[in-house]
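# Examination of the molecular architecture
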Amino acid sequence: MDKEKEETGKKSTKAAKSPKKSKSFFTDERIRFLTGILFTGFALYLLLAFVAYLFWWKTDLSVPDSDVVSGADIVVKNWSGKSGHFLAKMVVGYGFGYGAFFIPLIFGTIGLRLLNFPKIRLWNLVAKLTFATIILSLILGFIFGEANGYLISGPGGGQGYIVTRWMNAFMGKIGTGVLLAFLTISYLIFGLKVKPESFGLRL
């Protein structure tokens with residue numbers, strides 16, 4: 001009986017120790033520090049790739065996607081290399097256009113929060129930057145459209161161009177413009193705390 005009690009006691013202590021190991025893995029300051037450096041470095045890498053894409057996107061389009069992992073003899077103008085050009089093409093060209101420049105800020109915010117930078121409200125900032133990415137893409141897609149293939153799909157990217165094109169067909173250009181203006185003003189008032197008086201409105 002004593003042996004059985006000792007065995008059950010050992011099993012219970014093992015079961016109690018296992019969640020502590022998983023918890024210590026996620027709360028380990030070394031893991032948070034290294035992950036924070038990784039996110040912050042990736043944010044800088046993305047920002048560099050996006051900026052370079054604005055200058056060299058047309059030149060680097062001659063390199064097919066299949067050559068991204070090719071040898072060193074195939075090079076691109078993008079400062080972040082072939083992988084940076086590919087990511088910029090997907091996120092800027094086919095994605096959110098100029099609105100994609102908020103995405104490196106999202107990764108940078110997460111990285112700085114993991115590095116324990118003070119006064120960073122993570123989820124609040126991520127939500128604001130995510131909405132800014134989408135709404136800026138829609139506004140530019142609505143105003144400029146495809147812009148003769150600038151940046152592949154226009155300043156608003158593929159997302160902005162396709163979504164606003166659908167919205168124009170669904171509610172007309174006037175309805176789309178009113179909706180985008182409403183969303184933008186709502187974001188400025190509730191997200192960025194801009195007072196209604198700044199728009200010349202008195203409630």
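The text that follows walks through the structure, step by step, so that each part is easy to find. Residue positions are given per chain, counting from 1 as you read along its sequence in written order. With pLDDT at 70 or above as the cut-off, local features in this predicted model cover only qualifying residues; side-chain atom pairs require 80 or more to be listed or tallied, and sums for whole chains, interfaces and linings still use all residues. As a rule here, side-chain values cover all heavy atoms of the structure and leave hydrogens and water aside.

## Looking at the side chain of T109
Selection criterion: A run of H or I in DSSP becomes a helix once it reaches four residues, and a run of E becomes a strand once it reaches two; helices and strands are each numbered from the N terminus. We define a polar contact as two N or O atoms separated by no more than 3.5 Å, with the added condition that, inside protein, one atom must be a possible hydrogen donor and the other a possible acceptor, whereas residues neighbouring each other in sequence contribute only through side-chain atom pairs. Residue contacts are counted whenever heavy atoms from the two residues lie within 4.5 Å of one another.
Considering the arrangement of structural elements, one finds T109 in helix α4 (residues 102–114). Polar side-chain contacts of T109 include one of 2.7 Å to the backbone oxygen of L105. Discounting chain neighbours no more than four positions away, the residues touching T109 are I120, L122, L125 and L129.

## Looking at the nonpolar core
As a reminder of what qualifies: Buried residues of nine kinds, namely Ala, Val, Leu, Ile, Met, Phe, Trp, Tyr and Cys, make up a nonpolar core once their side-chain atoms join them within 4.5 Å. A 1.4 Å probe rolled over the protein chains alone gives each residue an accessible area, and that area as a share of the maximum for its type sets the label: buried under 20%, exposed over 50%, partly exposed in between.
Among the nonpolar cores identified, the biggest contains 12 residues, and these are L46, A49, F50, Y53, W57, A88, V92, A100, F101, I103, L151 and I152. Put simply, the parts of the chain that give this core at least two residues each are α2 (29–60) and α3 (81–96). Broken down by element, this core gets its largest block of residues, 5 residues, from α2. W57 has contacts with H85, G149, Y150, L151 and I152, leaving out every residue within four places of it along the chain.

## Some details on helix α5 (residues 122–144)
Short version of the rule: Any helix carries an expected span of 1.5 Å times its number of residues minus one.
With 23 residues, α5 should cover 33 Å at 1.5 Å per step; its first-to-last C-alpha distance of 33 Å lies within 8% of that length. Within α5, burial applies to L122, V126, L129, A132, T133, I135, S137, L138, L140 and G141. Following α5 by one or two positions, G145 adopts a phi angle in the positive range, close to 65°.

## Describing the packing of aromatic side chains
Quick reminder of the rule: Classification of ring pairs uses Phe, Tyr and Trp, with its six-membered ring standing for Trp, and accepts pairs whose centres are within 6.5 Å; under 30 degrees between planes counts as stacked, over 60 as edge-to-face, and the remaining range as tilted. Put simply, a charge is over a ring when the Lys NZ or the Arg CZ is close to the ring centre, within 6 Å, and near the line of the ring normal, within 35 degrees.
Throughout the structure, instances matching the rule amount to 9 aromatic pairs. Taking the centre distance of 5.1 Å and the plane angle of 85° together, the rings of F42 and F107 count as edge-to-face. One end of the pair, F42, is in helix α2; the other, F107, is in helix α4, with 65 residues separating them in the sequence. With a centroid separation of 6.1 Å and 40° between ring planes, the pair formed by F55 and W79 is classed as tilted. Residue F55 is located in helix α2, and its partner W79 is located in the loop between α2 and α3; the two are separated by 24 residues in the primary sequence. By way of ring pairs, the aromatic residues F39, F42, Y45 and F107 are connected into one cluster. Over the aromatic face of W56 sits the side chain of K77, whose NZ or CZ is 5.3 Å from the ring centroid.

## Examining α3
We apply this condition: Bend, at a single residue, is the angle you get between axes fitted to the 7 residues ending at that residue and the 7 residues starting at it.
In this model, α3 (16 residues) spans 21 Å end to end at C-alpha, consistent with the 22 Å of a helix rising 1.5 Å per residue. A bend of about 30° at K89 is the largest found in α3. Where α3 is buried, its residues meet α2, α5 and α6 (157–191).

## Quick look at unusual backbone geometry
In this structure, N116 is a non-glycine residue whose phi angle is positive, near 65°. Among the secondary structure elements, N116 is positioned in the loop between α4 and α5. Look at A147: it is not a glycine, yet its phi comes out positive at around 55°. Among the structural elements, A147 can be located in the loop between α5 and α6.

Nothing here speaks to function; it is geometry throughout.
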